[in-house]
Amino acid sequence: MLNKLAASELVLNEDGSVYHLNLLPEDIADKIILVGDPDRVPKVSKYFDKVEIKKNKREFYTHTGILRGERISVMSTGIGTENIDIVMNELDALVNIDLKKKEFMTEHKSLQFYRMGTCGSVNPDVQVDNMLVTQNVVGLDGLMNFYQDYEFENDFSQNFLEKFPYEKIKPMLYFSEWSEELGEIFIDAKYKGNTATFPGFYAPQGRELRLKALDDKFLETLNDLGITNFEMETSAIYAFSKLLGHQTITVNNVIANRRRGEFSTNHHQSEKNLIEWVLERVIK
């Protein structure tokens, strides 16, 4: 079997770095914090004892440095699972493909991904400004249906599919779950839940401006099916990690409770608390 990748499939920049992320293999650590907002990258890396690498291209900003004697990276993904498709494939390529030869490595390397973000809750009992760790996730964006080998099923997914009432959306759904080993690191989070990853911010999340959403009971229905919170990236991060053999977990700070109409009164402080809380546990 041929192991050589065509130049059109593994696209590289002139310096040999992966095309979108603008990174070389030596630019990343084995532990990578993923954030959405590029402005959050320096907010995380300011806690590093030393920052060795700063690179960016488009919305993808990466800082790599040392924290308490251990190497760590933080990278922005931008918004949405379409960006996660780029991020996860190119990060995996950095450690599992010989970029110069464009051949697969004979030994697989596993990375640890920690998504650090914010979310809204559909559960009226969840209080804002608290940490929520994602155990199960459903993607409503359809991305993993483009990948031949992806299949995942557990009790949560079976129950969700059985009772999900929206037939137009149902074919797009896919599921995944956390890396249990990483879940143990955040055992003291106030909430552990099931997350829905949406393909948009407005109608997919039940918001209406000039256009009507599918159903004004959509968020309530998701909560009835066991969904705790929602955001826009986790399903793809979890699913790609399953396919590619990496470990991953999402820790979100709940800044809004949509069912109660509440929003954090100081989301900047909430963000700071999240960063410090996660870094304290990722590297002891």
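The structure presented is a predicted model; accordingly, all values stated were derived computationally and were not measured. Along each chain, numbering runs from 1 in the same order as the chain's sequence is written. Local features are withheld for residues below a pLDDT of 70 in this predicted model, meaning they are given only at 70 or higher, and side-chain atom pairs are given and counted only at 80 or more; totals for whole chains, interfaces and linings count all residues. Only hydrogens and water are set aside when side-chain values are computed; all heavy atoms of the structure are taken into account.

Caption draft 1: Summary view of helix H3 (residues 155–163). Each residue is assigned to one of three classes by its accessible area relative to the maximum for its type, calculated with a 1.4 Å probe on protein chains only: buried under 20%, partly exposed between the two thresholds, exposed over 50%. The numbering of helices and of strands both runs from the N terminus, where a helix is a DSSP run of H or I of at least 4 residues and a strand a run of E of at least 2. Within H3, the full set of buried residues consists of Phe156, Ser157 and Phe160. End-on view of H3: buried residues confined to an arc of 95°, all on one side of the axis. Exposed residues lying more than 90 degrees from the buried face of H3 are Asp155 and Glu162. Residues count as neighbours in contact if any of their non-hydrogen atoms are within 4.5 Å of one another. Among the structural elements, strand S8 (131–139), strand S9 (174–177), strand S10 (191–197) and helix H5 (218–224) are those in contact with the buried residues of H3. Picture the helix axis, draw a direction to every C-beta atom, and the arc is the one those directions span.

Caption draft 2: Quick peek at the packing of aromatic side chains. Pairing of aromatic rings covers Phe, Tyr and Trp, the last through its six-membered ring, and needs centres within 6.5 Å; plane angles under 30 degrees mean stacked, over 60 mean edge-to-face, and all others mean tilted. This model, assessed by the stated rule, comprises 13 aromatic pairs. With a centroid separation of 5.1 Å and an interplanar angle of 85°, the aromatic rings of Tyr147 and Phe240 are classed as edge-to-face. One end of the pair, Tyr147, is in the loop between S8 and H3; the other, Phe240, is in helix H6 (residues 234–244), and 93 residues separate them in sequence. Ring-pair connections join several aromatic residues into one group, and the members of that group are Phe156, Phe160, Phe164, Tyr166, Phe175, Phe198, Phe218 and Phe230. Cation over ring: Lys57 sits above Tyr19, and NZ or CZ is 4.0 Å from the ring centre. The rule for a charge over a ring is simple: NZ of Lys or CZ of Arg within 6 Å of the ring centre, and within 35 degrees of the ring normal. Lying across the ring of Phe201, Arg207 places its NZ or CZ 3.8 Å from the centre.

Caption draft 3: Structural context of the pairing of strand S4 (residues 70–76). In terms of residue burial, S4 counts as a mostly covered element, since 5 of its 7 residues are buried. Think of it this way: DSSP has to see at least two bridges between two strands before they count as a pair. The pairing of strand S1 (residues 31–35) with S4 spans 4 bridges and is classified as parallel. Bridging from a neighbouring strand, Ile33 pairs with Val74 of S4. Inspection of the sheet shows strand S3 (residues 60–67) paired to S4 by 6 bridges, in the antiparallel sense. By the bridge assignment for S4, His63 is matched with Val74. Taking the residues that link successive antiparallel strands as the turn, the S3-S4 hairpin has 2 residues, and the phi of Arg68 there is positive, at about 50°.

Remember, this is a structural readout, not a statement about activity or role.
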